[in-house]
Amino acid sequence: LKKNKLAMVCLFVIIIITIVAIFAPVFAPYDPFETDPFNRLQKPSAEHWCGTDDLGRDVFSRIIYGARVSLLVGVVTEGIAVPIGIILGCIAGYYGGWADMIISRIIEVLGSFPFIIFALCVMFIIGPGILNIFIALGCIGWLGHARQIRAAVIQLKNSEFVEAAKASGASDFDIIFKHLV
C-alpha cells in the first residue's frame with residue numbers, strides 16, 4: 001500500500017474525512033440546524049464557505065455533519081452485510097449441491113434488481129428511519145460478499161490443509177470458520 005502513491009493519497013483523504021466527521025462540532029463553524037432567514041441563499045464567501053440554503057443554514061456545516069451519517073450508514077451496513085455474506089457464501093461453496101443452488105439463485109434474483117431500487121422498496125415496506133436504512137441496505141449488501149466467499153471456498157475446499165482437517169476429525173463448522181474463512 002505504501003508503494004502506491006494514489007492509494008496513500010486516497011487513504012489520507014479517507015482518514016481526514018473520518019476525523020472531521022467524528023469531531024464535527026469542532027470543525028463545523030455553525031450549527032447545521034440553526035436557521036437564519038436574513039442570510040438565506042447566500043453565495044459562497046469567507047463567512048459561509050459553501051453558502052447557505054433556502055432557510056439560511058450554513059451548507060458547509062451541514063456537509064460536515066452529513067458525513068457522520070454517511071459514514072455510520074456505510075459502517076453499520078457493512079457490519080450487517082459482511083457476516084451474512086460470509087455465512088451464506090461458505091455454506092454454498094462448502095456444501096455445494098442444493099444449498100449452493102438455492103443460495104446462488106437467491107443471489108441472482110436479488111442481484112437482478114438495481115441496488116437502490118431494492119433498498120427503496122424495502123424502506124417502503126418497513127418504513128422510514130435510520131435503523132430501517134441499515135436493514136434495507138444490509139438486506140442487499142451481502143450479495144457481492146457471498147459471491148466472492150463462495151468462489152474462494154470452492155477453490156480452497158479440496159486443498160491439502162482442508163483434507164488434513166477432515167482426516168483429523170474436525171467438524172464442518174471448524175473447517176469452514178477456522179480454516180477456510
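Just so it is clear, the model here is predicted, and its values are computed rather than measured.

Q: I'd like a description of the packing of helix H5 (residues 115-126) against helix H6 (residues 130-156), backed by residues and values.
A: Two packed helices can be described by the angle between their axes and the distance between those axes. Following both chains from N to C, one finds H5 and H6 inclined at 135°, their axes separated by 9 Å at the closest point. By the angle between their directions, the pair H5 and H6 is classed as oblique. The handedness of the crossing between H5 and H6 comes out as right-handed. Packed against H5, whose contacting residues are Phe115, Phe118, Ala119, Val122, Met123 and Ile126, the element H6 presents Asn132, Ile133, Ile135, Ala136, Leu137, Cys139, Ile140 and Gly141 at the interface.

Q: Could you give me a rundown of a nonpolar patch on the surface, with the residues and numbers involved?
A: Side chains of Leu1, Met8, Leu11, Ile15, Ile19, Ile22, Phe23, Val26 and Phe27 sit close together on the surface and give an oily, nonpolar patch of about 850 Å² of accessible area. Of all the secondary-structure elements, those providing two or more residues to the nonpolar patch are helix H1 (5-22) and helix H2 (24-27). Here the nonpolar patch takes 5 residues from H1, the largest share from any one element. By the element assignment, Phe27 lies in helix H2.

Q: I'd like a rundown of the pattern of salt bridges, residues and numbers included.
A: Going through the model one piece at a time under the given rule, you end up with 5 salt bridges. In this structure, Asp53 and Arg62 form a salt bridge, with 3.9 Å as the shortest nitrogen-oxygen distance. Given the relative accessible area of 14%, Asp53 is considered buried. Two residues, Asp174 and Lys178, come together in a salt bridge whose shortest N-O distance is 3.8 Å. With Asp174 and Lys178 both in helix H8 (residues 172-180), this residue pair falls 4 residues apart, about one helical turn. Residues joined in a network through salt bridges with shared partners are Asp53, Arg57 and Arg62.

Q: Let's hear about the side chain of Thr52: which residues, and what values?
A: Its place among the elements puts Thr52 in the loop between H2 and helix H3 (59-95). One polar contact links the side chain of Thr52 to the main-chain carbonyl oxygen of Asn39, over a distance of 2.5 Å. A polar atom in the side chain of Thr52 sits 3.1 Å from the backbone nitrogen of Leu41. Leave out the neighbours within four places in its chain, and Thr52 touches Asn39, Arg40, Leu41, Gln42, Arg57, Asp58 and Val59.

Q: How would you sum up H8? Please name residues and give values.
A: One turn of the α-helix equals 3.6 residues, which is why residues spaced by three or four share an orientation. Every buried residue of H8 is listed here: Ile175, Ile176 and Leu180. Looking straight down H8, one finds that the buried residues subtend no more than 95° of arc, so they occupy a single side. Set apart from the buried face of H8 by more than 90 degrees, the exposed residues are Phe173 and Lys178. Against H3, H6 and helix H7 (160-167) lie the buried residues of H8.

Rules and cut-offs
Residues numbered from 1 in each chain as written. Predicted model: local features only at pLDDT ≥ 70, side-chain atom pairs only at ≥ 80, totals over all residues. Heavy atoms only, no water. Axes fitted to C-alpha atoms, helices over the stretch in contact; angles between N-to-C directions. Helix = DSSP H or I, 4+ residues; strand = E, 2+ residues; numbered from the N terminus. Parallel < 35°, antiparallel > 145°, perpendicular 65-115°, else oblique. Left-handed = near helix turned anticlockwise from the far one by under 90°. Contact = heavy atoms within 4.5 Å. Patch = residues over 30% accessible without salt bridge, like charges linked within 9 Å, V, L, I, M, F, W, Y side chains within 5 Å. Areas by Shrake-Rupley, 256 points an atom, 1.4 Å probe, with all protein chains shown as cover. Salt bridge = Lys/Arg side-chain N within 4 Å of Asp/Glu carboxyl O. Buried < 20%, exposed > 50% of the residue type's maximum accessible area, 1.4 Å probe, protein only. Polar contact = N/O pair within 3.5 Å; in protein donor to acceptor, adjacent residues only side chain to side chain. Arc of directions from axis to C-beta.

Geometric descriptors of this kind do not, in isolation, establish any biological role.
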